Amino acid sequence: MSDLVLGLLVLGAVLFAGVLVYNRVQERSARRAVERAFDSRPGDTLAGAAPERREPTLQKTPLPAPPDERVDYVIELRPARVLAAAEVQEAWRAIDQRFGRRALLAASNGAWRAALQLVSRAGAVSEAELAEFRSEVESLAARVGASVAAPEMRPALQAARELDRACADSDIQVALHVVGRGIEADLGEQPFQVVRREDGVTLVLDVALTPNLGASYEAMARAGRRLAEAHNARLVDDRDNLLDERSLAAIGAQLEAVRQTLAARGIETGSPLALRLFS
């Protein structure tokens, strides 16, 4: 087989796989535009629930996590005296109310670390919001008698925008449709969601929020094949194209590339860090 023919086959498989993989770059942009139109406060850039998805997804709550320089703007507070936790937390309350779950506070070897999450599904933090956060933390430090050590804002904002682009490219989901009559899909606990439809069921995998991505996708593909075989149904994509082993494998390869992209940034799919970024 010539290199040209082989290349065309590979390209075709990738394009076919791409039919099932949906990213949310445009959705993020639209969400930010709506927020700017209806609310001028810079602090609300990251506020609110995640945008509406085109398919229902697994509902996961981000786990509590310490500040992480990979995704947070971290300011260290160095007190001149030992500070009681209650004293610091009382001073922190206003910041917590203002920035919500994006703001983190943690004790660290006699010092304190105040952090603001720079990226979420709503996009990257704005310069105005980051400046406001830094100012509020500096005011807190003055009240409790602590010095502050904060990173430069401009490099942090640039890194946040780069991370946001990488997350937008990786913020995808896969949907496999089992179309037929009388399909019962009591599959028990699964890493994917099962959504009923008039003519069958849809299996949905939210990539960034899924631990053990490769195994989870294989489980979903296997469940789809078995349901189709058991009910004499069809396993298809959104365009009603039949899915065979080759096309399912091509999708799996594409998802592995997404996983590797995130892993290169220290973000494993389904990890507490991923749950924070894709919330």
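Reading the values: rules and limits
- Residues numbered from 1 in each chain as written.
- Predicted model: local features only at pLDDT ≥ 70, side-chain atom pairs only at ≥ 80, totals over all residues.
- Heavy atoms only, no water.
- Helix = DSSP H or I, 4+ residues; strand = E, 2+ residues; numbered from the N terminus.
- Contact = heavy atoms within 4.5 Å.
- Areas by Shrake-Rupley, 256 points an atom, 1.4 Å probe, with all protein chains shown as cover.
- Core = buried A, V, L, I, M, F, W, Y, C linked by side-chain atoms within 4.5 Å.
- Buried < 20%, exposed > 50% of the residue type's maximum accessible area, 1.4 Å probe, protein only.
- Expected span 1.5 Å × (residues − 1).
- Bend = angle between axes of the 7 residues up to and from the residue.
- Pairing = 2+ DSSP bridges.
- Axes fitted to C-alpha atoms, helices over the stretch in contact; angles between N-to-C directions.
- Polar contact = N/O pair within 3.5 Å; in protein donor to acceptor, adjacent residues only side chain to side chain.
- Parallel < 35°, antiparallel > 145°, perpendicular 65-115°, else oblique.
- Left-handed = near helix turned anticlockwise from the far one by under 90°.
- Nonpolar A, V, L, I, M, F, W, Y, C, P; charged D, E, K, R; others polar.
- Patch = residues over 30% accessible without salt bridge, like charges linked within 9 Å, V, L, I, M, F, W, Y side chains within 5 Å.
- Salt bridge = Lys/Arg side-chain N within 4 Å of Asp/Glu carboxyl O.
- Lys, Arg positive; Asp, Glu negative; His and termini not counted.
- Charge placed at Lys NZ, Arg CZ, Asp CG, Glu CD.
- pLDDT = per-residue confidence, 0-100.

Examining the overall build of the protein
Then, number 1: Looking only at helices and strands, one finds eight helices and eleven strands in the protein.
Then, number 2: When contacts within the protein are restricted to residue pairs at least 6 apart in sequence, long-range pairs at least 24 apart make up 75% of them.
Then, number 3: In the form shown here, the protein has an accessible surface area of approximately 14,500 Å², with 52% of it arising from carbon and sulfur atoms.

Looking at the nonpolar core
Then, number 1: Of all hydrophobic cores here, the largest spans 40 residues; its most connected members are Leu 77 and Phe 133.
Then, number 2: For this core, the secondary structure elements donating two or more residues are β2 (72-79), α3 (85-99), β4 (111-117), α4 (127-144), α5 (153-170) and α8 (272-277).
Then, number 3: With sequence-adjacent residues up to four places away left out, Phe 133 is seen in contact with Tyr 73, Ile 75, Trp 92, Ile 95, Phe 99, Ala 103, Ala 114, Ala 115 and Leu 116.
Then, number 4: Judged by nonpolar contacts, the second largest core, of 26 residues, contains Ile 183, Leu 213, Leu 248 and Val 258.

Describing the side chain of Asp 68
Then, number 1: Assignment of secondary structure puts Asp 68 in the loop between α2 (25-38) and β2.
Then, number 2: Overall, the relative accessible area of 16% leaves Asp 68 in the buried class.
Then, number 3: The residues contacting Asp 68, other than those within four sequence positions of it, are Val 74, Leu 273 and Arg 276.

Digging into α3
Then, number 1: In this model, α3 (15 residues) spans 20 Å end to end at C-alpha, consistent with the 21 Å of a helix rising 1.5 Å per residue.
Then, number 2: The axis of α3 is deflected most strongly, by about 40°, at Trp 92.
Then, number 3: Listed in full, the buried residues belonging to α3 are Val 88, Ala 91, Trp 92, Ile 95 and Phe 99.
Then, number 4: Summarising the contacts, the buried residues of α3 are in contact with β3 (103-108), β4 and α4.
Then, number 5: Just beyond α3, the residue with positive phi is Gly 100, at close to 65°.

Side note on unusual backbone geometry
Trans is the common state for peptide bonds, and a negative phi is the common state for residues other than glycine.
Then, number 1: Positive phi outside glycine occurs at Asn 232, with the angle close to 50°.
Then, number 2: Mapped onto the elements, Asn 232 comes out in the loop between α6 (213-230) and β11 (234-236).
Then, number 3: On the accessibility criterion, Asn 232 (75% relative accessible area) is exposed.
Then, number 4: Residues other than glycine seldom take positive phi values, yet Asp 240 does so here, at roughly 70°.

Things to note about the sheet that holds β4
Then, number 1: Taken in spatial order, the four strands line up as β3-β4-β2-β7 in an open sheet, and their pairing is antiparallel. Of all strands in the sheet, those with a lone pairing partner are β3 and β7 (146-149), marking the two edges. Adjacent strand axes in the sheet meet at a mean angle of 25°, parallel and antiparallel pairs treated alike.
Then, number 2: For β2 and β4, the ladder comprises six bridges, and the chain directions are antiparallel.

A look at the environment of Ser 271
Then, number 1: In this fold, Ser 271 is placed in the loop between α7 (245-263) and α8.
Then, number 2: For Ser 271 and Thr 210, which are 61 residues apart along the polypeptide, the C-alpha to C-alpha distance reads 8.1 Å.
Then, number 3: A polar contact of 2.7 Å, which involves the side chain of Ser 271, links it to the backbone oxygen of Glu 268.

So, the packing of α6 against α7
Then, number 1: At a closest axis distance of 10 Å, the pairing of α6 and α7 adopts a crossing angle of 160°. On the basis of the axis angle, α6 is roughly antiparallel to α7. In terms of crossing hand, the pair formed by α6 and α7 is right-handed. The residues of α7 that touch α6, namely those facing Leu 213, Tyr 217, Ala 221 and Arg 225, are Glu 245, Leu 248, Ile 251, Gly 252, Leu 255 and Arg 259.
Then, number 2: For the contact of α6 with α7, the per-class residue count stands at six nonpolar, one polar and three charged.

Examining a positive patch on the surface
Then, number 1: Taken together, the side chains of Arg 154, Arg 161, Arg 165 and Arg 265 make up a positively charged region of the molecular surface.
Then, number 2: Structurally, Arg 161 can be placed in helix α5.
Then, number 3: Classification of Arg 161 as partly exposed rests on a relative accessible area of 37%.

Observations regarding the confidence of the model for the protein
Then, number 1: Confidence in the prediction for the protein averages 81 pLDDT; 77% of positions are at 70 or higher.
Then, number 2: Note on residues 3-11: pLDDT under 50 across the span, and two contacts to partners over four residues away in sequence or across chains.
Then, number 3: Counting interchain partners and residues more than four positions distant, the pLDDT-below-50 stretch residues 22-26 has 17 contacts.

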